[in-house]
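Overview (structure and organization)
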Amino acid sequence: DAEITQSPRHKITETGRQVTLACHQTWNHNNMFWYRQDLGHGLRLIHYSYGVHDTNKGEVSDGYSVSRSNTEDLPLTLESAASSQTSVYFCASSGSGGDGYTFGSGTRLTVV
Amino acid sequence: DQQVKQNSPSLSVQEGRISILNCDYTNSMFDYFLWYKKYPAEGPTFLISISSIKDKNEDGRFTVFLNKSAKHLSLHIVPSQPGDSAVYFCAAMGGYQKVTFGIGTKLQVIP
């Protein structure tokens, strides 16, 4: 069965460290997205990609970067982790049509 | 500026009764509206959607109603079951598959 997987599930890192969160999907979806979920804010879009070598900034992209070298993967990098980036991160993918996204199970990141 | 608003952070309903979750939006250009359900420690899962050209979509116990003039949609769950207890996100899709989410409503169904 097709799936979308995120790793690690939990991560603790120190302020200033570079951190990369992995997202891998086997749906063969062109579109991939990264969101963060915070209390009182719901899900906010960080970065997204419509295909290989395409990346775009979302509403809360500062301090984050992504790269898309193949269809299956969209890793999210925190260049220099900050305590404000403590959050739960969700990766999602989609094809076309109105059924929206398929989400991964999330990565809980704590920056200390 | 929140384009998708869920004004009720929580809702409690007795098992067997109807649950009604509400959502307002500000952008008339959205193509689809969606509801996602989220359990703790899991990713959101797609529940039901409605095209902007429709006013109702039904799937089993779940019905979504869209009132374009009021920029309002609602999700009805009938009958509510304890397994429906979760956070429900209202979402709207614009161009190029971009989805904007509300902040969520936590539904508790009391046995």
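I will try to describe carefully the structure that is included in this document. (Residues numbered from 1 in each chain as written. Chains lettered and ligands numbered in written order. Predicted model: local features only at pLDDT ≥ 70, side-chain atom pairs only at ≥ 80, totals over all residues. Heavy atoms only, no water.)

Let us now look at the state of the cysteines. All names here are of chain A. On inspection of all chains with the given rule, the structure shows 2 disulfides over all chains. Paired by a disulfide, cysteine 23 and cysteine 91 hold their sulfur atoms 1.8 Å apart. Negative torsions about the S-S bond denote left-handed disulfides, and the value of about -70 degrees found for cysteine 23 with cysteine 91 makes this one left-handed. Placement of cysteine 23 in strand 3 (residues 19–25) and of cysteine 91 in strand 9 (residues 87–94) is noted, with a sequence separation of 68 residues between them. Look at cysteine 23 and you get buried, because its relative accessible area is 2%. (Disulfide = S-S within 2.5 Å. Helix = DSSP H or I, 4+ residues; strand = E, 2+ residues; numbered from the N terminus. Buried < 20%, exposed > 50% of the residue type's maximum accessible area, 1.4 Å probe, protein only.)

Okay, the sheet that holds strand 8 (residues 72–77) of chain B next. Residues and elements named next belong to chain B. Strand order in the open sheet formed by 5 strands is 1-3-8-7-6, with antiparallel pairing between adjacent strands. Looking at the sheet topology across the chains shown, the edges are occupied by strand 1 (4–5) and strand 6 (56–59). Alignment of strand 1 against strand 3 (residues 19–25), held across 2 bridges, turns out to be antiparallel. If you follow lysine 5 over to strand 3, its bridge partner there is aspartate 24. (Pairing = 2+ DSSP bridges.)

Let us now look at unusual backbone geometry. The residue after Ser7(A), namely Pro8(A), is reached through a cis peptide bond having omega -5 degrees. Looking at where Pro8(A) falls in the secondary structure, it is placed in the loop between strand 1 (4–7) and strand 2 (10–13). Of note, the bond from Val78(B) into Pro79(B) is cis; its omega dihedral lies within 30 degrees of zero at -15 degrees. Mapped onto the elements of the fold, Pro79(B) is located in the loop between strand 8 and strand 9 (86–93). Although it is not a glycine, Asn28(A) adopts a positive phi angle of roughly 65 degrees. For Asn28(A), a relative accessible area of 61% puts it in the exposed group. At Lys71(B), a residue that is not glycine, the phi angle is positive and equals roughly 55 degrees. Note on placement: Lys71(B) falls in the loop between strand 7 (62–67) and strand 8. Owing to a relative accessible area of 26%, Lys71(B) belongs among the partly exposed residues under this scheme.

Our next topic: the interface of chain A and chain B. Of the residues lining the interface, 24 residues belong to chain A; the matching set on chain B comes to 20 residues. A buried area of about 1,600 Å², summed over both sides, lies between chain A and chain B, and 58% of it is on carbon and sulfur atoms. For the pair chain A and chain B, the interface holds 0 salt bridges. Taken together, the links from chain A to chain B amount to 4 residue pairs in polar contact (both at pLDDT 80 or more). Those elements that place two or more of their residues in the side of chain A that touches chain B are strand 4 (31–38), strand 5 (42–51) and strand 9 of chain A. (Contact = heavy atoms within 4.5 Å. Buried area = accessible area lost by both parts, 1.4 Å probe. Salt bridge = Lys/Arg side-chain N within 4 Å of Asp/Glu carboxyl O. Polar contact = N/O pair within 3.5 Å; in protein donor to acceptor, adjacent residues only side chain to side chain.)

Attention now goes to the side chain of Gln85(A). All names here are of chain A. Within the element layout of this structure, glutamine 85 appears in the loop between strand 8 (76–78) and strand 9. Residue classification places glutamine 85 among the buried residues on the basis of a relative accessible area of 5%. In terms of polar contacts, glutamine 85 uses its side chain to reach the backbone carbonyl oxygen of glycine 63, at 3.4 Å. The contact partners of glutamine 85, leaving out residues within four places of it in the chain, are Arg36, Asp62, Gly63, Tyr64, Leu78, Ser80, Leu109 and Val111.

Let us look at the packing of aromatic side chains. Residue and element names in this part refer to chain B. Across all of its chains, the model carries 18 aromatic pairs over all chains by this definition. With a centroid separation of 4.4 Å and 40 degrees between ring planes, the pair formed by tyrosine 25 and phenylalanine 33 is classed as tilted. A relative accessible area of 7% places tyrosine 25 in the buried class. Residue classification places phenylalanine 33 among the buried residues on the basis of a relative accessible area of 1%. Seen from their ring centres, phenylalanine 30 and phenylalanine 33 are 6.0 Å apart, and the 80 degrees between their planes marks the pair as edge-to-face. (Phe/Tyr/Trp six-rings, centres within 6.5 Å; stacked < 30°, edge-to-face > 60°.)

Let's shift gears to the pattern of salt bridges. In total, this model carries 6 salt bridges over all chains according to the counting rule given. In this structure, the salt-bridge partner of Asp84(B) is Lys37(B), at a minimum N-O distance of 4.0 Å. Here Asp84(B) is found in the loop between strand 8 and strand 9, whereas its partner Lys37(B) is found in strand 4 (residues 32–38), with 47 residues between them in sequence. Residue Asp84(B) is classed as buried on the basis of its relative accessible area, which comes to 2%. Since its relative accessible area comes to 11%, Lys37(B) is described here as buried. Across the pair Glu58(B) and Lys56(B) runs a salt bridge, and its minimum N-O distance is 4.0 Å. Connected via shared salt-bridge partners are Arg36(A), Asp38(A) and Arg44(A).

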